[in-house]
Amino acid sequence: MIKVLFFARIRDQVGCAELDVELPDMVDNIDGLTGVIKAQGAAFEEALSDPNLLIAVNQEMAGGQTTVEDGDEIAYFPPVTGG
Amino acid sequence: MPTETEKAPSSAIQIRVEPRDFELGVEYESLRRRSSASGAIVAFTGLVRDFNAAGSLAGIILEHYPAMTIKSLYAIAEQAMAKWQLEAVTIVHRVGRLESHDQIVLVGVSARHRDAAFDGARFIMDYLKTEAPFWKKEVSEAGGEEWVDAKDSDQRARDRW
């Protein structure tokens, strides 16, 4: 099981803060996982197609090719605006 | 609301992310105590503005990714320490609902000489603004809420380093 988190505007768009996703056998990276989540509905498809979307794997910034394994925590969020 | 606090074993780096306000004088004295070999301390504080391009604001709501925030700030502080041989670093960032003119963030650093202290503090702020997982939502006088967009100027400020 993968724990998926959404923050800020992305969370508002998808309508939930957290999602548990069962990783299909064929999927082993972020691009694959993002595809699986997008298939859950139009709101996910739209929010995760944002060109400025940022992704973290186990609290470290990651890219589409970053490996994903069972038990990982994945977060999707917009560009940060703290400080 | 939970408070997340983390201290380096040496206490050279102190990081807090919490709703609670901070006092510059207290943080300054803490930095000074941890800086026996330094000749300079620079402290920056960021405040909530009472306006944006669209008009006046009542305040902001700051959201963050708790598990990642401390990690990210720690990595930024360590980078600055190595680059400018800083002796101590304090970062305090508030979260939750803040009103106009409230303090949001404090970055304090100590170094042997002032150039390193100024640059180190600026580097930490520039990286914090573009890498640490915080998000601001502005609350208008009328009560409307709007997520703040990231600024290109912040990205350029970071890219200077």
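None of these values were measured; they are calculated from a predicted model.

1. Details of the overall build of chain A
- Assigned secondary structure in chain A consists of three helices and five strands.
- Along chain A, helices and strands appear, N-terminal first, in the series β-α-β-α-α-β-β-β.
- Expected size for 83 residues packed as a compact globule is a radius of gyration near 12 Å; at 12 Å, chain A falls within 12% of this value.
- Expressed along its principal axes, the backbone C-alpha trace of chain A runs to roughly 40 × 25 × 20 Å.
- Burial statistics for chain A: of 83 residues in total, 45% are counted as buried.

2. Some words on the overall build of chain B
- Helix and strand counts for chain B come out as four helices and 10 strands.
- Moving toward the C terminus, one meets the helices and strands of chain B in the order β-β-α-β-β-β-α-β-β-β-α-β-β-α.
- Relative to its length of 161 residues, chain B is compact, with a C-alpha radius of gyration of 16 Å against a globular reference of 15 Å.
- The dimensions of chain B, computed from C-alpha atoms along their principal axes, are 50 × 35 × 25 Å.
- A buried classification covers 50% of the 161 residues belonging to chain B.
- Restricting the contact set of chain B to residue pairs at least 6 apart, pairs at least 24 apart contribute 72%.

3. Some words on the interface of chain B and chain A
- The partner chain A presents 20 residues to the 25 residues of chain B that form the contact.
- Across the chain B to chain A interface the summed buried area is about 1,800 Å²; carbon plus sulfur atoms make up 56%.
- Looking at the side of chain B facing chain A, the largest losses of area belong to B:Tyr65, B:Trp135 and B:Trp147, adding up to 36% of the total buried there.
- In this structure, the connection of chain B to chain A is made through two salt bridges.
- Here B:Asp149 makes a salt bridge to A:Arg9, at a shortest N to O gap of 3.0 Å.
- If you look at where chain B meets chain A, you find 16 residue pairs in polar contact (both at pLDDT 80 or more).
- Elements represented by at least two residues in the side of chain B that touches chain A include exactly β5 (55-64), α2 (66-84), β8 (103-111), α3 (114-131) and β9 (134-140) of chain B.
- Considering each element in turn, the side of chain B that touches chain A owes the most residues, five residues, to α3(B).

4. A short note on the packing of α2(B) against α3(B)
Residue and element names in this part refer to chain B.
- Running from N to C, α2 and α3 cross one another at 155 degrees; their axes reach a closest spacing of 9 Å. Taken as axis vectors, α2 and α3 run roughly antiparallel relative to one another. For α2 against α3, the interelement crossing comes out right-handed. Between α2 and α3, the contacting residues are Ser72, Leu73, Ile76, Gln79, Ala80, Lys83 and Trp84 on the first element and Ala116, Asp119, Gly120, Phe123, Ile124, Tyr127, Leu128 and Glu131 on the second.

5. Thoughts on the pattern of salt bridges
- Counting across every chain of the model gives 14 salt bridges over all chains.
- When the shortest N-O distance is used, the salt bridge between A:Arg11 and A:Asp12 registers 3.7 Å.
- Residue class for A:Asp12 comes out partly exposed when judged on its relative accessible area of 43%.
- Taking the shortest distance from any N to any O, the salt bridge between B:Lys137 and B:Glu145 comes out at 3.3 Å.

6. Some thoughts on unusual backbone geometry
- One non-glycine residue with positive phi stands out, namely A:Asn58, at about 50 degrees.
- Tracing the chain through its elements places A:Asn58 in the loop between β3 (54-57) and β4 (60-62).
- Taking relative accessible area as the criterion, A:Asn58 reaches 30% and is therefore assigned partly exposed.
- The backbone of B:Gln85 sits at a positive phi, close to 50 degrees, despite the residue not being glycine.
- Along the chain, B:Gln85 falls in the loop between α2 and β6 (88-94).
- For B:Gln85, a relative accessible area of 60% gives the class exposed.

7. Observations regarding the environment of B:Val17
- Of note, B:Val17 is situated in strand β2 (residues 13-18).
- Along the sequence, B:Val17 and B:Ile91 sit 74 residues apart, while their C-alpha atoms lie 8.3 Å from each other.

Cut-offs applied
- Numbers given to residues run from 1 along each chain, matching the order in which its sequence is written.
- For naming, the first written chain is A and the first written ligand is 1, with later ones following in the order written.
- Only residues with pLDDT of 70 or above have their local features reported here, since the model is predicted, and side-chain atom pairs are shown and tallied only from 80 upward, although totals for entire chains, interfaces and linings are computed over all residues.
- Excluding hydrogens and water, the side-chain values take into account all heavy atoms of the structure.
- Each helix corresponds to a stretch of at least 4 residues labelled H or I by DSSP, and each strand to a stretch of at least 2 residues labelled E; elements are numbered beginning at the N terminus.
- C-alpha atoms define the radius of gyration, and 2.2 Å times the number of residues to the power 0.38 defines the globule rule.
- Partly exposed describes any residue whose relative accessible area lies between the buried limit of under 20% and the exposed limit of over 50%, with all areas from a 1.4 Å probe on protein chains only and scaled to the type maximum.
- Two residues form a contact once any of their heavy atoms are found within 4.5 Å.
- A quick way to say it: buried area is the sum, across both parts, of accessible area lost when two parts are put together, with a 1.4 Å probe.
- We count a salt bridge whenever a side-chain nitrogen from Lys or Arg sits within 4 Å of a carboxyl oxygen from Asp or Glu.
- Under this definition, polar contacts are N or O atom pairs within 3.5 Å; protein pairs additionally need one hydrogen-donor-capable and one acceptor-capable atom, and for neighbouring residues in sequence, both atoms have to be side-chain atoms.
- Note on geometry: axes are lines fitted to C-alpha atoms, helical ones only across the stretch in contact, with angles between N-to-C directions running from 0 to 180 degrees.
- With respect to orientation, any angle under 35 degrees is reported as roughly parallel, any angle over 145 as roughly antiparallel, any angle of 65 to 115 as roughly perpendicular, and every other angle as oblique.
- Here is the rule for handedness: rotate from the far helix to the near one, and if that takes an anticlockwise turn smaller than a right angle the crossing is left-handed, while a clockwise turn gives right-handed.

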